[in-house]
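This is what each chain is made of:
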Amino acid sequence: MAVASISVSETPLVLYTLRRADDALILGHRLSECCGHAPMLEEDMALANMGLDLLGQARELYSYAAKVEGKGNDEDKLAYLRDVRQYRNLLLLEQPNGDFAHTMVRQFFYSAFADLYWRAMMKSSDPTLAAIAAKSEKESAYHLRHSSEWIVRLGDGTEQSHARAQAAIDHLWAFTGEMFEADASERGLIDAGISIDPASLRPQWLKTVADVVNEATLALPQSDWMQQGGRDGRHSEHLGHLLSELQSMQRTFPGATW
Amino acid sequence: MPKNAGTGKWRKLPNRIEGTVMATPNTPLWEVFIRSRNGLAHKHVGSLHASDATMALQNARDLYTRRGEGLSIWVVPSNAITASDPAEKGMMFEPAESKIYRHPTFYEVPDEVGHM
């Protein structure tokens, strides 16, 4: 790596915004990896569209984080010049695409959350975050619909698609708890009405997810042991590999444009 | 149904599920119609593969409305469309060619009428 990482002054609002920006960028990047590899052309486009929605969300959130921080960073520096330990995304979103069932279950778990989350955030006392939430909510609502339809068809499809969908649910379940956590840094923002308490969304999320999973003749795991660490920069082995690809161009040719 | 349906004079569009060309096996083909603005008719824009009507609608949204093309989408199973036979275009369409009096421009409108 030819270019050193930047340092970021993570005040609570900067950290909060970076966490959401990293969620959108990392999941968007994972979906972009499907481009040209989806099981059919129509789904290739659908996955790329969702990836582009998320990339758009990431850009707005990074730009806002840079503005709030006010240290001369910008969206590109925040995306391309932070190392793996500086990334704050949910562990769920960096998990590899795996088979199509894994890609869809990951999308389903997150979209069911993001749809509720952004809808609630439309009432944020921070006007920029409220505006980003209003745009993101419409996109997330479609991601949820699309992934839900696939979960039903995979689960209630063939023996093989059912088994793969169930395996994906079982594998990714332990990464869902992190979505509903809020640390001390975020508590202040919640109390100030800038953000909302994600834990308050879990009952509705669970209902949405359980309804679809039941219709799909699949089952949710009983285990409530949950992975955590992504919000603090402790990631699975997969994120470093993802970032090395995502960042290689800007690290090698700083500021390159085309 | 057209009068000649079933006699071989009218043909169904090829059903690509049963046909030999199956780029995406067992996935039916759908025709997509988009209405771009209120007041306009839905217009055929292309086709796609989808397992059922719900997915066809979603795929149509993802394939054909990426640049703000539409306000409304219809999807129709391709094999539900009955098409005229191109080989019969003489019988079908040539008789109309000589009936120029069916065009409004055939008639001279007196100046007194003004704008119609």
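Residues numbered from 1 in each chain as written. Chains lettered and ligands numbered in written order. Predicted model: local features only at pLDDT ≥ 70, side-chain atom pairs only at ≥ 80, totals over all residues. Heavy atoms only, no water.

Draft legend 1. Quick peek at the packing of aromatic side chains. The full count for this structure, using the stated rule, is eleven aromatic pairs over all chains. Residues Trp173 of chain A and Trp205 of chain A carry aromatic rings whose centres are separated by 5.9 Å and whose planes lie at 25 degrees to one another, so their mutual orientation is stacked. Taken together, the residues span a long stretch of sequence, with Trp173 of chain A in the loop between α7 (159-172) and α8 (184-191) and Trp205 of chain A in helix α9 (residues 202-215) at a distance of 32 residues. Side by side, Trp173 of chain A and Trp205 of chain A carry an identical accessibility label, which is buried. Here the aromatic cluster, defined as three or more aromatic residues joined through ring pairs, consists of Phe108, Phe109, Tyr110, Phe113, Tyr117, Trp118, Trp173, Phe180 and Trp205 of chain A. The residue whose ring lies beneath Arg82 of chain A is Tyr87 of chain A, and the NZ or CZ to ring-centre distance is 4.3 Å. Looking at Arg61 of chain B, its charged tip hangs above the ring of Tyr142 of chain A, at a distance of 3.5 Å from the centre. (Phe/Tyr/Trp six-rings, centres within 6.5 Å; stacked < 30°, edge-to-face > 60°. Helix = DSSP H or I, 4+ residues; strand = E, 2+ residues; numbered from the N terminus. Buried < 20%, exposed > 50% of the residue type's maximum accessible area, 1.4 Å probe, protein only. Lys NZ or Arg CZ within 6 Å of the ring centre and 35° of its normal.)

Draft legend 2. The state of the cysteines, seen in detail. Per the stated rule, a full pass over the model turns up zero disulfides over all chains. Here Cys34 of chain A stays free of any disulfide, with the sulfur of Cys35 of chain A as its closest cysteine sulfur at 8.7 Å. (Disulfide = S-S within 2.5 Å.)

Draft legend 3. Molecular detail of empty space enclosed by the protein. Residue and element names in this part refer to chain A. Inspection of every chain in the model, using the stated rule, returns two cavities of 30 Å³ or more. Reported here for the largest cavity is a volume of approximately 50 Å³. If you trace the largest cavity, you find it lined by Arg20, Asp23, Tyr110, Phe113, Ala114, Tyr117, Trp118 and Arg231. Put simply, the parts of the chain that give the lining of the largest cavity at least two residues each are α1 (12-32) and α5 (100-121). (1 Å grid on protein atoms, 1.4 Å probe; cavity = no way out; pocket = protein on both sides within 12 Å on 5 of 7 lines; lining within 4 Å. Points joined across faces, edges and corners; volume = space filled by probe spheres on them.)

Draft legend 4. Just the interface of chain A and chain B, in detail. Facing twelve residues of chain A, the contacting portion of chain B comprises 15 residues. Roughly 1300 Å² is buried in total at the junction of chain A and chain B, and carbon and sulfur atoms are behind 53% of that figure. Contact with chain B buries area across many residues of chain A, yet Glu42, Tyr142 and Arg153 of chain A alone supply 45% of it, more than any other trio. Counting every contact that joins chain A to chain B gives one salt bridge. At the boundary of chain A with chain B, the tally comes to seven residue pairs in polar contact (both at pLDDT 80 or more). Secondary structure elements with two or more residues in the side of chain A that touches chain B: α2 (41-69) and α6 (127-155) of chain A. (Contact = heavy atoms within 4.5 Å. Buried area = accessible area lost by both parts, 1.4 Å probe. Salt bridge = Lys/Arg side-chain N within 4 Å of Asp/Glu carboxyl O. Polar contact = N/O pair within 3.5 Å; in protein donor to acceptor, adjacent residues only side chain to side chain.)

Draft legend 5. Spatial organisation of unusual backbone geometry. One non-glycine residue, Thr217 of chain A, adopts positive backbone phi at about 60 degrees. When you line up the elements, Thr217 of chain A lands in the loop between α9 and α10 (237-252).

Draft legend 6. Examining the side chain of Arg19 of chain A more closely. Residue and element names in this part refer to chain A. Mapped onto the fold, Arg19 is located in helix α1. A polar contact is formed between the side chain of Arg19 and the backbone oxygen of Arg231, at a distance of 3.3 Å. With sequence-adjacent residues up to four places away left out, Arg19 is seen in contact with Arg88, Asn89, Asp183, Glu186, Arg231 and Asp232.

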